[in-house]
Structure formats: C-alpha cells, structure tokens
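The lines below spell out each chain.
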Amino acid sequence: RGAQGLQQEARLVPVTADGLLSFGTSVALSGDTAFVQSIDVERSGSVHVFNHSGATWTEAQFLHASDGPEENYFGRALAVSGDTLVIGAPGLAAETPGAAYVFTRDGSGVWSQQAKLTADGGNPGGFGSAVAIEGDVIVVGAPFSSPGVPPETGAVYAFHASGGGWVAEGRLEALFPEPLAWLGSSVALSGGRLLVGSPGADAGNLEDSGAVNVFERSPEGAW
C-alpha cells in the first residue's frame, strides 16, 4: 500500500501467452470491461477482453481482425464508448494504409465486428495509429499521410454512424501543412471538440517542438 493508501487490485495476463509479444502496448477501460492489445511474432495484433466481477478479472474474449492480415498491428490504438469499441490497425506505416475496426457488444456481452473503416484517398499512411469515439462520431489518425508535397504532413479522418453502419464525414488537415509534422499521432474527442497531436510540427521558431491542432464539429457534421 502506497503513501496515499492506493493498492494494486490485480495483474492481468493473457490465458495463453505462447507466441505473444508486447502484451499491454495499448489499453482501454470502460466500466467493468478492460481491453488489452498484444501482438504475435508475425506482428499481427489481437485484443484481449477482460471482465471484472467482485475482486476478479477474467479474460472473456480474444478479438482479431476478420480479414486477419499479417503485420497489421491490430489494436495499436483503442477507444471505447459504451457498447462500441474502435480498434486501430495501422500496419507498417510506410507500406500499408491501415484500417480501423468497429466492434459492438450485444445483450449477452459478446463483442463482434461491425465494420472496417478505411480512408478514401489522400495516401493515408499510418491510418489507425490513433482513434477516438464519442457518441456516433469516430475519428482516426493517419500521421504518415502524404497527400502531396510536403511529405508526411498527417491527417485525421472522421466518420459518423448512419443506417447501422459508418459513413465517411471528412478528412481534416492542418491549416498550414508542414513536412514530417505527423498530424494525427494522437486524438481526443469530447463535446464535439477534437484535439489532434502533431509532434513534428514547428511552433514559432522552435523546430520539431510539436503542436496540438483543435477542430470543432457543428451539429450538421461540418468540421
């Protein structure tokens, strides 16, 4: 027990650890449900779902992409809101565009894949490196996106729920794109306001000092 009276409740480990690497690289928590990423030797990721009951955490499911590509780093980014989980799978940033998978939980507590989100154009390198969800809006970072010159300025893609699926809403970029700014490396969404990390951006005269871009969404879905 620490000086502030805090005590570790549990230590989560996967039921089967054979062939797994880097368990715990990304995590998310919603109520009594925890999500933990791991990758295997082929760099194909998975997400372990743990449920809490009493004083015990039990692994309930093992989630993976329906198309199961190798080297997709599935689970590198996680975001959960209620019964909807978003899982980023950026792949190898320089070679694959990446994806974000949407899972939903049914009345019996089982998670299943609902959708696979991909970017529409713009050379979305690293798509899935960061994800966030609020209500019926999902945002996905693509920090290595290179729509032209300069390279790897980065971008964020927005989606909204419609008709039981997810519809692309727009591509967000910095007002003044910079080379190697990596906009979309991190995202946070709350109350229709979106924060987007750009760790390679220049702030004033400070080269590569980083910046955070702020976007706002109107009720009509315009950013």
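Above this text sits the structure in question.
What comes next concerns the included structure. What you see is a predicted model, and the numbers here were worked out from it, not measured in a lab.

## Some words on the pairing of strand S4 (residues 45–53)
Argument step 1. Where burial is concerned, most of S4 is hidden: seven out of the nine residues are buried.
Argument step 2. Here strand S3 (residues 33–40) runs beside S4; their pairing, made up of seven bridges, is antiparallel. Opposite Ile 39, over in S4, you have Gly 45 as the bridge partner.
Argument step 3. Note that S4 and strand S5 (residues 56–63) share seven bridges and pair antiparallel.

## Overview of the environment of Leu 117
Argument step 1. Along the chain, the position of Leu 117 falls in strand S9 (residues 111–117).
Argument step 2. The class of Leu 117 is buried, set by a relative accessible area of 4%.
Argument step 3. The sequence separation of Leu 117 and Val 86 amounts to 31 residues, and the corresponding C-alpha distance is 9.7 Å.
Argument step 4. Leaving out residues up to four positions away in the same chain, Leu 117 has contacts with Ala 99, Ala 100, Val 102, Phe 127, Ile 138, Phe 159 and Trp 166.

## Considering the sheet that holds strand S6 (residues 77–81)
Argument step 1. Strands sit in the order S6-S7-S8-S9 across an open sheet of four strands; the sheet is antiparallel. Looking at the sheet topology across the chains shown, the edges are occupied by S6 and S9. Ignoring which end each strand starts from, the neighbouring axes of this sheet average 20° apart.
Argument step 2. Note: strand S7 (residues 84–89) against strand S8 (residues 99–105), six bridges, orientation antiparallel. Bridging across to S8, Leu 85 finds its partner in Phe 103.

## Notes on the sheet that holds strand S16 (residues 211–216)
The strands making up a sheet associate through hydrogen bonds between their backbones, and the pairing can be parallel or antiparallel.
Argument step 1. Across the sheet, which stays open at both edges, the three strands sit in the order S14-S15-S16 with antiparallel pairing between neighbours. Only two strands of the sheet have a single neighbouring strand rather than two, namely strand S14 (186–190) and S16. In this sheet, adjacent strand axes meet at a mean angle of 20° when their direction is disregarded.
Argument step 2. Pairing of strand S15 (residues 193–198) with S16 involves six bridges; the strand directions are antiparallel.

## Here we look at the packing of aromatic side chains
Here a ring pair, both rings aromatic, is described through the centre-centre distance and the interplanar angle of the planes.
Argument step 1. The tally for this structure, following the rule as stated, stands at six aromatic pairs.
Argument step 2. Consider the rings of Phe 74 and Phe 103, whose centres lie 6.3 Å apart with planes at 70°: the pair is edge-to-face. On the criterion of sequence distance, the pair formed by Phe 74 in the loop between S5 and S6 and Phe 103 in strand S8 is long-range, its members being 29 residues apart. In terms of burial, Phe 74 and Phe 103 fall into one category: buried.
Argument step 3. Where Phe 127 meets Phe 159, the ring centres are 6.4 Å apart and the plane angle is 80°; that geometry is what we call edge-to-face. Of this pair, Phe 127 sits in the loop between S9 and strand S10 (130–134) while Phe 159 is found in strand S12 (residues 155–162), placing the two residues 32 residues apart along the sequence.
Argument step 4. Three or more aromatic residues link up through ring pairs in this structure, and these residues are Phe 74, Tyr 101 and Phe 103.

## So, a nonpolar patch on the surface
Argument step 1. On the surface, a cluster of nonpolar side chains totalling about 260 Å² of accessible area is made up of Leu 195, Val 212 and Val 214.
Argument step 2. Looking at the secondary structure, you find Leu 195 in strand S15.

## Side note on the pairing of strand S11 (residues 137–142)
Argument step 1. The element S11 is extensively covered by neighbouring structure, given that six of its six residues are classed as buried.
Argument step 2. Burial along S11 is two-sided: the face carrying Val 137, Val 139 and Gly 141 and the face carrying Ile 138, Val 140 and Ala 142 are both buried.
Argument step 3. As defined by bridge partners, S10 adjoins S11 across five bridges and the pair is classed as antiparallel. Note on S11: the bridge partner recorded for Glu 134 is Val 137.
Argument step 4. Between S10 and S11, which pair antiparallel and follow one another directly, the connecting turn spans two residues, one of which, Gly 135, has a positive phi of 60°.
Argument step 5. Alignment of S11 against S12, held across six bridges, turns out to be antiparallel. Looking at S12, one finds that Ile 138 is bridged to Phe 159.

## Some points on unusual backbone geometry
Argument step 1. Of note, the phi angle at Tyr 73 is positive, near 50°, even though the residue is not glycine.
Argument step 2. Position of Tyr 73 among the secondary structure elements: in the loop between S5 and S6.
Argument step 3. In this structure, Glu 152 takes a positive phi of about 50° despite not being glycine.
Argument step 4. Position of Glu 152 relative to the elements: it lies in the loop between S11 and S12.

Each value, and the rule that gives it
- Residues numbered from 1 in each chain as written.
- Predicted model: local features only at pLDDT ≥ 70, side-chain atom pairs only at ≥ 80, totals over all residues.
- Heavy atoms only, no water.
- Buried < 20%, exposed > 50% of the residue type's maximum accessible area, 1.4 Å probe, protein only.
- Helix = DSSP H or I, 4+ residues; strand = E, 2+ residues; numbered from the N terminus.
- Pairing = 2+ DSSP bridges.
- Contact = heavy atoms within 4.5 Å.
- Axes fitted to C-alpha atoms, helices over the stretch in contact; angles between N-to-C directions.
- Phe/Tyr/Trp six-rings, centres within 6.5 Å; stacked < 30°, edge-to-face > 60°.
- Patch = residues over 30% accessible without salt bridge, like charges linked within 9 Å, V, L, I, M, F, W, Y side chains within 5 Å.
- Areas by Shrake-Rupley, 256 points an atom, 1.4 Å probe, with all protein chains shown as cover.
- Salt bridge = Lys/Arg side-chain N within 4 Å of Asp/Glu carboxyl O.

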